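# Coordinate inspection notes
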Amino acid sequence: MKRTMKTAIMALCTFAMLAVTASCSSDKNEADYPKTTEQVLNHMVGEYKGTLGFSTTTETATDGAFGQQISWKIDKNHNIIIEKFPYVTLANGVSKQGVVGKMSVLFQTLLDVKDAPLYIVMAGSDISDNRMSLNIDPLFYAPLSAPNADYEIVGSIKKAQPISNSYYNINESELYLEFTVEGLIKKHKHGGVKWQKDFDKPITYYLRAKKQ
């Protein structure tokens, strides 16, 4: 009888310890889980690996929407920085590629870019079902220029983006981003900007990546 009672008491103690441990673990996870937009944005900071695909209004990239393998990061200021953005894909948006015997300066510049970064500023929106919708700034910065040129290129992103296609999965630490480049602007270093009229075919990019 004493042995039975002792066994029962030990079982109860073990159960109580497990319950306390589970409760503490649950409380810790609940405390660490990002709840606000700012907390989620801070949670997103880090290195990512995934794919980047693109399509135009008249054709789709050979690699399709899943695209090519790419690495990038999100910094503490919530900038998406793609260190080696494939600027050659933007050349698909230049329909006026130049007169016979002479290539468009913009078209040639985009073809010649090698390993230049691209910066996109993002902001969070609504949080629902473990995902946060994302908004991005209507302009992106492309620090590239033609040799010996006194200008840089700024890209214009279409404002009416389908926000449902751009979000961060909090549980999986995975980001889905869709944005359409509708224009390129030549920004002179000494002041003044000029829309590049020969870029007249919008290009949509599909970015999918998981935090490392």
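In the block above lies the structure referred to throughout.
A short tour of the structure in this document, coming up. (Residues numbered from 1 in each chain as written. Predicted model: local features only at pLDDT ≥ 70, side-chain atom pairs only at ≥ 80, totals over all residues. Heavy atoms only, no water.)

What follows concerns the pairing of strand S7 (residues 151–157). Taking burial as the measure, the 7 residues of S7 include 6 buried ones, the bulk of the element. Where strand S6 (residues 139–142) meets S7, 4 bridges bridge the pair, whose relative direction is antiparallel. The residue of S7 that forms the bridge with Ala142 is Ile153. Pairing of S7 with strand S9 (residues 174–188), which is carried by 7 bridges, proceeds in the antiparallel orientation. What sits directly across from Ser156, in S9, is Gly183. (Buried < 20%, exposed > 50% of the residue type's maximum accessible area, 1.4 Å probe, protein only. Helix = DSSP H or I, 4+ residues; strand = E, 2+ residues; numbered from the N terminus. Pairing = 2+ DSSP bridges.)

Once that is clear, we can look at a nonpolar patch on the surface. Together, Val88, Met103 and Leu111 make up an exposed nonpolar region whose accessible area comes to about 220 Å². Among the structural elements, Val88 can be located in the loop between strand S3 (79–82) and helix H3 (105–112). Classification of Val88 by relative accessible area gives partly exposed; the value is 42%. (Patch = residues over 30% accessible without salt bridge, like charges linked within 9 Å, V, L, I, M, F, W, Y side chains within 5 Å. Areas by Shrake-Rupley, 256 points an atom, 1.4 Å probe, with all protein chains shown as cover. Salt bridge = Lys/Arg side-chain N within 4 Å of Asp/Glu carboxyl O.)

This paragraph deals with H3. Every buried residue of H3 is listed here: Leu106, Phe107, Thr109 and Leu110. Seen end-on, H3 carries its buried residues on one side only, within an arc spanning 165°. Against the buried residues of H3 lie S7 and S9. Sitting at the amino-terminal end of H3 is Ser104, which places a side-chain oxygen 3.4 Å from the backbone nitrogen of Leu106. (Arc of directions from axis to C-beta. Contact = heavy atoms within 4.5 Å. Polar contact = N/O pair within 3.5 Å; in protein donor to acceptor, adjacent residues only side chain to side chain.)

Keep in mind these values describe shape, not function.
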